[in-house]
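Residue-level structure breakdown
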Amino acid sequence: MDSSSTGRRIDLLGRGATWAHDIAGPPGAPTLLLLHGLAATALLNWSTSFAALARGFRVVALDHRGHGRGIRRIGAFKLEDCADDAAVLADRLGVERVIPVGYSMGGAVAQLFWRRHRDRTAGLVLCATSSRFGGPRTKRAASALGPLLSLAARVAPQSMWDSMGERMLENVQNPNRRLALKEELGPTEPVSVIEAGAALAHFDSSDWLGDIDVPASVVLTLRDEHIPAQYQAAMAEAIPGAEVHRVDADHYACVARPRLFVPALFAACRSVALRGASVRAVSVAAP
């Protein structure tokens, strides 16, 4: 599948225009709504997963605001806005219920999607993510330094942002694919990345995780240096009935270790779909 050909610009009815991928699955298949991580894009985060997931699901993925070709920055970055953007995208595509699939920052957006749009949420798949991304010190630092970092982002040299992309892609061996994915990061707004990081520092769903009432799966990255495995496991334990699918890889498993990550992701999505009442009559075949 040429994943670059699946994307198009979609107007989100007064919220701005975003870039989204929409890949048809089997007739009547449930819809996965893929939500990418901090400083990534839909294509960068999920391109290795598109083909496998499309064997059992309709696959929709969007660039978050300020990231890639997503909605251009309007005011301060809010994770809640990302969740609402995703809901409006589902409306525009005529999809009533979705299974949000969130990676890292996208996991926080997926949790907020359930909280803000419960009637639209058929299940949850949370990958390499947590219910919170820092303690009180991190929150205080984000509050104190956030404005200064936003200012610094406006004048930071391009080499700084290039180095971030290199770190994310360092284990991608194919040079052509590495170049294509690096170019995908080009339109991302550094200020939005800084503000998104500050928003993550303040995110905390621990008080309401136990209220999640849809089937859930957690894809746990065991060697994660950014979101430790114990944080991911604690989130999974707090969600009623959540299943855990372990991947022996680090935080960039979705890009760098797809042979390990993609089967676990598909299994997690399949488990959620089969446990969901909305797909009783749908057979989700393993790839």
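Residues numbered from 1 in each chain as written. Predicted model: local features only at pLDDT ≥ 70, side-chain atom pairs only at ≥ 80, totals over all residues. Heavy atoms only, no water.

1. Comments concerning the sheet that holds strand β6 (residues 124–127)
The strand order across the open sheet formed by eight strands is β1-β2-β4-β3-β5-β6-β7-β8, and the pairing between neighbours is mixed. The open sheet has two edge strands with one neighbour each: β1 (7–11) and β8 (243–247). Looking at each pair of strands side by side, their axes are set apart by 20 degrees on average, direction ignored. Packing of helix α3 (residues 105–116) onto the sheet brings it into contact with β3 (31–35), β5 (99–103) and β6, and relative to β5 it is tilted by some 150 degrees. (Pairing = 2+ DSSP bridges. Helix = DSSP H or I, 4+ residues; strand = E, 2+ residues; numbered from the N terminus. Axes fitted to C-alpha atoms, helices over the stretch in contact; angles between N-to-C directions. Contact = heavy atoms within 4.5 Å.)

2. Some words on the confidence of the model for the chain
Scored by pLDDT, the chain comes out at a mean of 84, with 76% of its residues at no less than 70. This stretch, residues 137–158, has a pLDDT under 50; its non-local contacts, to residues over four places away or in other chains, come to 23 contacts. A low-confidence stretch, residues 278–283 stays under pLDDT 50, and its non-local contacts, those more than four residues away or across chains, total nine contacts. (pLDDT = per-residue confidence, 0-100.)

3. Quick word on the side chain of Arg-65
Note on placement: Arg-65 falls in the loop between β4 (58–62) and α2 (79–92). A relative accessible area of 9% means that Arg-65 is categorised as buried. Separated by 2.8 Å, the side chains of Arg-65 and Asp-85 make a polar contact. Beyond its immediate stretch of four places on either side in the chain, Arg-65 contacts Arg-15, Gly-70, Ile-71, Ile-74, Phe-77, Asp-81, Cys-82, Asp-85 and Ser-192. (Buried < 20%, exposed > 50% of the residue type's maximum accessible area, 1.4 Å probe, protein only. Polar contact = N/O pair within 3.5 Å; in protein donor to acceptor, adjacent residues only side chain to side chain.)

4. Some details on α3
In an α-helix there are 3.6 residues to a turn, and that puts residues three or four apart on one side. Its 12 residues give α3 an end-to-end C-alpha distance of 17 Å, which sits within 8% of 16 Å, the value for a rise of 1.5 Å per residue. Counting buried positions over the 12 residues of α3 gives 10, a clear majority of the element. Looking at α3, one finds that the buried residues are Met-105, Gly-106, Gly-107, Ala-108, Val-109, Ala-110, Gln-111, Leu-112, Phe-113 and Trp-114. For α3, the secondary structure elements touched by its buried residues are β3, α2, β5, β6, α7 (190–202) and α8 (229–238). (Expected span 1.5 Å × (residues − 1).)

5. Brief notes about the pairing of β3
Counting buried positions over the five residues of β3 gives five, a clear majority of the element. Of the two faces of β3, the one holding Thr-31, Leu-33 and Leu-35 and the one holding Leu-32 and Leu-34 are both buried throughout. As judged from the five bridges shared by β3 and β4, these two strands associate in the parallel manner. Paired with Leu-32 across the strands is Val-59, a residue of β4. With respect to chirality, the unit in which β3 leads through helix α1 (residues 42–53) into the neighbouring parallel β4 is right-handed. One ladder, built from four bridges, connects β3 with β5; its direction is parallel. Within the sheet, the bridge partner assigned to Leu-35 lies in β5 and is Gly-102. (Right-handed = clockwise from strand over helix to strand, strands pointing away.)

6. Topic: the pattern of salt bridges
Scanning all chains against the criterion turns up nine salt bridges. Its salt-bridge partner being Asp-85, residue Arg-15 comes within 2.7 Å of it at the nearest N-O pair. Pair noted here: Arg-15 is in the loop between β1 and β2 (17–23) and Asp-85 is in helix α2, with a separation of 70 residues, a long-range link. Given a relative accessible area of 23%, Arg-15 falls into the partly exposed group. (Salt bridge = Lys/Arg side-chain N within 4 Å of Asp/Glu carboxyl O.)

7. Let's talk about the pairing of β8
In terms of strand pairing, strand β7 (residues 216–221) meets β8 through five bridges, oriented parallel. Bridging across to β8, Val-219 finds its partner in His-245. In this view, the connection linking β7 to its parallel neighbour β8 by way of α8 has right-handed handedness.

8. Here's the deal with the state of the cysteines
Each disulfide consists of one covalent bond between the sulfur atoms belonging to two cysteines. Enumeration according to the criterion identifies zero disulfides in this entry. Not engaged in a disulfide, the cysteine Cys-127 finds its nearest cysteine sulfur in Cys-269; these two sulfurs lie 6.8 Å apart. What makes Cys-269 buried here is its relative accessible area of 0%. (Disulfide = S-S within 2.5 Å.)

9. With respect to the side chain of Ser-130
By the element assignment, Ser-130 lies in the loop between β6 and α4 (136–155). Here the side chain of Ser-130 touches Arg-132 through a polar contact of 2.9 Å, landing on its backbone oxygen. Setting aside residues up to four positions removed in sequence, Ser-130 forms contacts with Gln-111, Phe-203, Ile-227, Tyr-231 and Met-235.

10. Regarding the nonpolar core
Ranked by internal contacts, the top residues of the largest apolar core, which has 45 residues, are Leu-33, Leu-79, Leu-89 and Ile-239. Breaking this core down by element, the ones donating at least two residues are β3, β4, α2, α3, β6, α7, β7 and α8. Of the residues forming this core, the biggest block, eight residues, is contributed by α2. Setting aside anything within four residues of it in sequence, one finds Leu-89 in contact with Ile-10, Leu-12, Ala-20, Leu-33, Val-60 and Leu-62. Residues Trp-46, Leu-53, Val-262 and Cys-269 belong to the second largest nonpolar core, which totals 37 residues. (Core = buried A, V, L, I, M, F, W, Y, C linked by side-chain atoms within 4.5 Å.)

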